[in-house]
Amino acid sequence: MWFLIVLLIIVLVIAFKSIKIVKQAEVYIIERLGKYHKIADAGLTIIIPFFDHVRSVVSLKQQTMDIPPQGVITKDNVTITIDTVVFYKITDPAKAVYEIQSLRKGIEYLAITTIRDIVGKMDLDQTFSSRDMINDRLRVILDEATDQWGCRVDRVEIKDITPPADIRDAMEKQMNAERNKRAAILQAEGERQSAITIAEGQKEAAILAAEAEKESKIRKAAGEAEAIKKVAEAKAKEVEMIYGAIKNSNPDDKLVQLKSLEALQEVANGNANKIFIPFEATGALASLGSAAEVFKEKGNK
């Protein structure tokens, strides 16, 4: 009876040692007699007790590793603190176990030295403005170095860059000065644009006023010309009517001379300084002068 119980216990122990259940996204590194034997994928795995054993359980998930904040000296001799996180994934579990003592420690030390090398060649301002470049260079260097360890580095992100307190104060003062400068520039630009707009408006107003005055003068001159034309046409019609009436009445020489004198009288009443008398009117003027002398002599008697 005791023999059966002992045998059952031995069978259970052997079964427990032989049957292994591997979880999803994990693999087991199986060694036989101290030597690498195989990689057990997810599911049920049978091993030989006392000959085989599980050396390591390796996760195939995306893993993150927070690099401790490191003091780094820039090219212009400023000590800054950089906090970094690395995203990696194991692609060859056997290499990750047998090619390096501690994969996480290897990635950490490699990241620290690489950061110091990259940032040490950059100025402080360049360090703040080149985070993406630093991330990319870190990822490439780490990925190449960890490939022999069966690991792939997917991303490297700088979480924070902390300069010394005095440098932060100087940077804040510089930033405030830069903001004030931009504000003054924007204000000056706004005033300049406003002055330009006002000047252009005044120019447009002056041009419109000049064009309006010009149009007014043109219309006024056109109206005066039209009025003069109408007056001249009326005078012409009047002369034509008088000439027709005189012509129809068969005037003699005395009547013609009398009308000429009347016309000369109207001309003389004008604003002209000089008067040109037609030659035909001189006879009438001579007769008129003789008549005036006769009347003067009769008056003296």
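Higher on the page you've got the structure.
Throughout what follows, the structure given in this document is the object of discussion. (Residues numbered from 1 in each chain as written. Predicted model: local features only at pLDDT ≥ 70, side-chain atom pairs only at ≥ 80, totals over all residues. Heavy atoms only, no water.)

**Describing the overall build of the chain**
For the chain, the count of helices and strands is 8 helices and 8 strands. A total of 301 residues make up the chain; the buried ones form 21% of that total. For the chain, the accessible area works out to roughly 22,000 Å², and carbon and sulfur atoms hold 58% of it. (Helix = DSSP H or I, 4+ residues; strand = E, 2+ residues; numbered from the N terminus. Buried < 20%, exposed > 50% of the residue type's maximum accessible area, 1.4 Å probe, protein only. Areas by Shrake-Rupley, 256 points an atom, 1.4 Å probe, with all protein chains shown as cover.)

**A word on the nonpolar core**
Nonpolar side chains in soluble globular proteins tend to be buried together. Counting residues in each nonpolar core, the largest one holds 33 residues, and the members touching the most others are Ile80, Ile82 and Leu103. Of all the secondary-structure elements, those providing two or more residues to this core are β2 (26-32), β6 (63-73), β7 (79-90), α2 (93-98), α3 (103-119), α5 (131-146) and β8 (151-162). The element that contributes the greatest number of residues to this core is α3, accounting for 7 residues. Leaving out residues up to four positions away in the same chain, isoleucine 80 has contacts with Gln70, Gly71, Val72, Thr74, Val119, Leu124, Thr127, Ile161, Thr162, Pro163 and Pro164. Val22, Ile30, Ala40 and Ile47 belong to the second-largest nonpolar core, a separate cluster that totals 5 residues. (Core = buried A, V, L, I, M, F, W, Y, C linked by side-chain atoms within 4.5 Å. Contact = heavy atoms within 4.5 Å.)

**Let's talk about the layout of surface pockets**
Volume-wise, the second largest pocket comes out at about 200 Å³. Ser56, Val58, Ala96, Val97 and Leu103 are the residues nearest the centre of the second largest pocket, which is lined by 13 residues in total. The set of elements that each furnish at least two residues to the lining of the second largest pocket consists of β5 (52-59) and α2. The biggest single contributor to the lining of the second largest pocket is β5, with 5 residues. (1 Å grid on protein atoms, 1.4 Å probe; cavity = no way out; pocket = protein on both sides within 12 Å on 5 of 7 lines; lining within 4 Å. Points joined across faces, edges and corners; volume = space filled by probe spheres on them.)

**Here's the deal with the sheet that holds strand β3 (residues 35-40)**
With antiparallel pairing, the 3 strands of this open sheet are ordered in space as β3-β2-β5. Of all the strands in the sheet, the pair left with one neighbour each is β3 and β5. If you compare each strand with its neighbour and ignore which way they point, the axes differ by 25° on average. Pairing of β2 with β3, which is carried by 5 bridges, proceeds in the antiparallel orientation. Looking at β3, one finds that tyrosine 28 is bridged to alanine 40. (Pairing = 2+ DSSP bridges. Axes fitted to C-alpha atoms, helices over the stretch in contact; angles between N-to-C directions.)

**Here's the deal with α3**
Over its 17 residues, α3 runs 24 Å from end to end, which matches the ideal 24 Å to within 8%, given 1.5 Å per residue. Considered for burial, the residues of α3 that qualify are Leu103, Gly106, Ile107, Glu108, Ala111, Ile112, Thr114, Ile115, Ile118 and Val119. On its buried side, α3 packs onto β6, β7, α2, α4 (124-129), α5 and β8. (Expected span 1.5 Å × (residues − 1).)

**Thoughts on the side chain of threonine 45**
In this structure, threonine 45 sits in strand β4 (residues 43-46). Discounting residues that sit within four places of it in the chain, threonine 45 has contacts with Ser18, Ile19, Lys20, Val22, Lys38 and Ala40.

**A few points about the sheet that holds β8**
Spatial strand order, β6-β7-β8: 3 strands in an open sheet with antiparallel pairing. With one partner strand each, in any of the chains shown, β6 and β8 form the two edges of the open sheet. Mean inter-strand twist for the sheet, computed between neighbouring axes without regard to direction, equals 25°. Two elements, β6 and β7, share 9 bridges in a ladder whose sense is antiparallel. Paired with glycine 71 across the two strands is threonine 81, which belongs to β7. Against the sheet, α3 contacts β6, β7 and β8, and its axis sits at roughly 35° relative to β6. Running over the sheet, α5 touches β7 and β8 and is turned about 145° from β8.

**Things to note about α5**
One turn of the α-helix equals 3.6 residues, which is why residues spaced by three or four share an orientation. Here α5 is 16 residues long and its end C-alpha atoms lie 22 Å apart, about the 22 Å a rise of 1.5 Å per residue gives. Among the residues making up α5, those that are buried are Ile134, Asn135, Leu138, Leu142 and Thr146. Buried residues of α5, seen end-on, are gathered within an arc of 100° and therefore sit on one face of the element. The exposed set on the far side of α5, more than 90 degrees from its buried face, consists of Asp132 and Glu144. (Arc of directions from axis to C-beta.)

Shape descriptors only; they carry no functional weight alone.
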